[in-house]
Amino acid sequence: MAAGAGFSVASLYYSQPMLGVIGPALGAAPAATGLVPTLTQLGYALGIALLAPLGDRLDRRALILVKAVILAAALGLAAVAGSLPGLLLASLLVGLTATLAQDVVPAAAALARPDERGAVVGKVMTGLLLGILLSRVASGVVAELLGWRAMFGIAAGSVLLMAVALARALPRFTPTTTLGYPALLGSLLSLWRQQPALRRAVLAQGLLAIGFSAFWSTLALMLHSRFQLGSAAAGAFGIAGAAGALAAPLAGRWADRLGSPAVARIAITVALAGFALLLLDGALPPVAVLPLLAVSAVVFDFGFQSALVAHQTQVYGLVPEARSRLNALLFTGMFLGMAAGGALGSLALARWGWSGVAGLATLSALASLVVRRR
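Cut-off values and rules
Residues numbered from 1 in each chain as written. Predicted model: local features only at pLDDT ≥ 70, side-chain atom pairs only at ≥ 80, totals over all residues. Heavy atoms only, no water. Helix = DSSP H or I, 4+ residues; strand = E, 2+ residues; numbered from the N terminus. Rg over C-alpha atoms; globule rule 2.2 N^0.38 Å. Contact = heavy atoms within 4.5 Å. Areas by Shrake-Rupley, 256 points an atom, 1.4 Å probe, with all protein chains shown as cover. pLDDT = per-residue confidence, 0-100. Phe/Tyr/Trp six-rings, centres within 6.5 Å; stacked < 30°, edge-to-face > 60°. Buried < 20%, exposed > 50% of the residue type's maximum accessible area, 1.4 Å probe, protein only. Lys NZ or Arg CZ within 6 Å of the ring centre and 35° of its normal. Patch = residues over 30% accessible without salt bridge, like charges linked within 9 Å, V, L, I, M, F, W, Y side chains within 5 Å. Salt bridge = Lys/Arg side-chain N within 4 Å of Asp/Glu carboxyl O. Axes fitted to C-alpha atoms, helices over the stretch in contact; angles between N-to-C directions. Parallel < 35°, antiparallel > 145°, perpendicular 65-115°, else oblique. Left-handed = near helix turned anticlockwise from the far one by under 90°. Nonpolar A, V, L, I, M, F, W, Y, C, P; charged D, E, K, R; others polar.

Q: How should I be thinking about the overall build of the protein chain in this particular structure?
A: For the protein chain, the helix and strand inventory stands at 18 helices and zero strands. Taken against the 2.2 N^0.38 rule, which gives 21 Å for 374 residues, the C-alpha radius of gyration of the protein chain at 19 Å falls within 12% of a compact globule. Seen along its three principal axes, the alpha-carbon backbone of the protein chain occupies a region of about 55 × 45 × 30 Å. In the protein chain, the share of contacts with a sequence separation of at least 24, taken over all contacts with a separation of at least 6, comes to 85%. Accessible surface, the protein chain: about 13,600 Å² in total, of which carbon and sulfur atoms supply 72%.

Q: How should I be thinking about the side chain of Thr 33 in this particular structure?
A: Here Thr 33 lies in helix α3 (residues 30–33). Excluding residues within four positions of it along the chain, Thr 33 makes contact with Leu 19, Ile 22, Gly 23, Ala 28 and Leu 84.

Q: Just to check I follow, could you spell out the confidence of the model for the protein chain for this structure?
A: Low-confidence regions, as indicated by low pLDDT, have predicted coordinates that should not be scrutinised in detail. Chain-level statistics for the protein chain give a pLDDT mean of 87 and a share of 96% at 70 or above. No element of the protein chain has a lower mean pLDDT than helix α13 (residues 231–245), which averages 68, and none a higher one than helix α18 (residues 354–371), which averages 96.

Q: It is not clear to me how the packing of aromatic side chains should be interpreted in this structure. Could you clarify?
A: One pair of aromatic rings is described through two measures. These are the centre distance and the angle between the planes. For the structure on display, the rule yields eight aromatic pairs. Here the aromatic rings of Phe 215 and Phe 300 are separated by 4.9 Å at their centres, their planes lie at 70°, and the arrangement is edge-to-face. Placement of Phe 215 in helix α12 (residues 196–227) and of Phe 300 in helix α16 (residues 286–316) is noted, with a sequence separation of 85 residues between them. An identical accessibility class is assigned to Phe 215 and Phe 300; each is buried. Ring geometry for Phe 275 against Phe 300: centres 4.6 Å apart, planes inclined by 20°, an arrangement best described as stacked. With Phe 275 in helix α15 (residues 260–277) and Phe 300 in helix α16, this pair connects stretches of sequence that are 25 residues apart. Owing to a relative accessible area of 1%, Phe 275 belongs among the buried residues under this scheme. What makes Phe 300 buried here is its relative accessible area of 0%. Site record: aromatic cluster; members linked through ring pairs are Phe 212, Phe 215, Trp 216, Phe 275, Phe 300, Phe 304 and Trp 354. Lying across the ring of Phe 173, Arg 60 places its NZ or CZ 5.9 Å from the centre.

Q: Would you take a moment to explain a nonpolar patch on the surface for this structure?
A: Side chains of Leu 42, Leu 46, Leu 50, Tyr 181 and Leu 336 sit close together on the surface and give an oily, nonpolar patch of about 410 Å² of accessible area. If you tally residues by element for the nonpolar patch, the top one is helix α4 (residues 35–50), at three residues. One can find Leu 50 in helix α4. Overall, Leu 50 belongs to the partly exposed group, its relative accessible area being 42%.

Q: Sorry, what's going on with helix α8 (residues 101–111) here?
A: Each α-helix turn comprises 3.6 residues. Residues three or four places apart therefore point the same way. Burial within α8 is extensive, with nine of its eleven residues counted as buried. Buried residues of α8: Ala 101, Gln 102, Asp 103, Val 104, Val 105, Pro 106, Ala 107, Ala 108 and Ala 109, and no others. Elements in contact with the buried residues of α8: α1 (2–10), α4, α6 (60–80), α9 (117–146), α16 and α17 (323–352).

Q: Looking at this model, I keep getting lost on the pattern of salt bridges. Mind explaining?
A: A side chain of one charge can pair with a side chain of the opposite charge if their charged atoms are brought near each other. Going through the model one piece at a time under the given rule, you end up with five salt bridges. In this structure, Asp 56 engages Arg 60 in a salt bridge whose closest nitrogen and oxygen atoms are separated by 3.4 Å. Its relative accessible area of 0% is what places Asp 56 among the buried residues. Here Arg 60 falls in the buried class, since its relative accessible area comes to 5%. The salt bridge partner of Arg 172 is Asp 59, with a shortest N-O separation of 3.4 Å. In this pair, Arg 172 sits in the loop between α10 (148–169) and α11 (181–194) while Asp 59 sits in the loop between α5 (54–57) and α6, placing the two residues 113 residues apart along the sequence. On the basis of relative accessibility, which here comes to 64%, the residue Arg 172 falls in the exposed class. On the accessibility criterion, Asp 59 (15% relative accessible area) is buried. When salt bridges with common partners are traced through the structure, they connect Asp 56, Arg 60 and Arg 325 into a single cluster.

Q: Explanation requested: the packing of α17 against α18 in the structure shown.
A: Two packed helices can be described by the angle between their axes and the distance between those axes. The N-to-C vectors of α17 and α18 enclose an angle of 140°; their axes lie 6 Å apart at closest approach. Considering the angle they form, α17 stands oblique to α18. For the pair α17 and α18, the sense of crossing is right-handed. Here Leu 344, Gly 345, Ala 348, Leu 349 and Trp 352 of α17 lie close against α18, whose contacting residues are Trp 354, Ser 355, Gly 356, Val 357 and Leu 360. Per-class residue counts for the contact of α17 with α18 are seven nonpolar, three polar and no charged.

Structural data, given as C-alpha cells:
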C-alpha cells in the first residue's frame, strides 16, 4: 500500500524538474510552462473533493484500480502531447486520477487498530512522501538522458504495474455509508461545519503547503536561469527532501503518544525554520547557495511531512465512518494551497527573484503556526 501510494502521487511531480526543458521543446514561455504543475495540483484538489469521498460509498479496492488505469492513460497522453495546451489538459487529468493515493491511505487507517493508527498511517505516508520527493530525482535524470517524454511514458508503465500488484494484494472493503453521490458531497459541508478541529487542521496544512509548493515549483526555473543547471540537478534536490520523508513514521508514533495537535505545532515550527533559512540567500557567497538550498529542503520537508501525518491522525479519529470524506477535506485544502503556492511562487520569482519565493514560503509557514496555536 505504501508503494501504491508512492507511485501514484509521484505522477504529480515528475514535471517540476523538467520545466526548463519542456518549455523550449513546446515553444512556451517560462510563465506559461509554470502552469503545468499548477494545473496538476489543481486537478488533484478537485479530484480529492469530487472523487475521494466515494471511498466511503464504494469498495475502495475497485475505486483504486479504476483510477490507476485512467491515470496511466493520462500519463501516456502527456508523453505524446504536441503542444502546451495538450500537456496542460493531460496534467489536469493526471491530477484528477492520481487521487487514488488518497484512497489508499484511508484504507490503511481502516485496517489498523486504533492504538496503532498513527504508526500505520505514518508507514504508508512514508511511501507516499518518498514518491513525491524521489519523483523529482527520477524525472530529472531520465529527462537528461532520454528526454521528458520518456519520463511520462515510464511513469505510465509504473502505474500499470502498480495496479496489478494492488489487485492481487488488496482486500475488498465494505462501504461505510449508503448515501447517494449528491448527499455524499453534501455531507462534506456538514462535516466541515461540525468539526472545528478539522477546519483548523485543513487551514494550517493548506497554508504550509503554499510555501512547500512555491519552493519546489520554482526551483528548476531558478537553477536553470541562475546557475545554468539542468533538470538532473534540479531533481537531485529531491534526495535532500526525501530525508524529510523519514519523519512520517516518527510523527505517527509521536502523535499516538503526545497527541496530534502538539506534534503539528512542533512540526510547523520546524518547517518555518527551514523556510527562514532561505532568506539568508542574499547574504551568502554564490558557492554557499546550493548547500543552503539542500539544508533548507531537509528541514522544511521534515516539518511539512510531520505536520501532515499529525493532521491526518487527528482527523481520522474524528468520525471513523467518514474517513474518506475527512481525508478529502484535508487534502483538498492542502492541494489548493499547493496550487496557490505554484502560481504565487512563479509570480514572486518573476517579480522579486528567489528572495520573493523565500519570503512567500516563510510568511505562509508563520501564518500556519498562528492558525495551529492550539
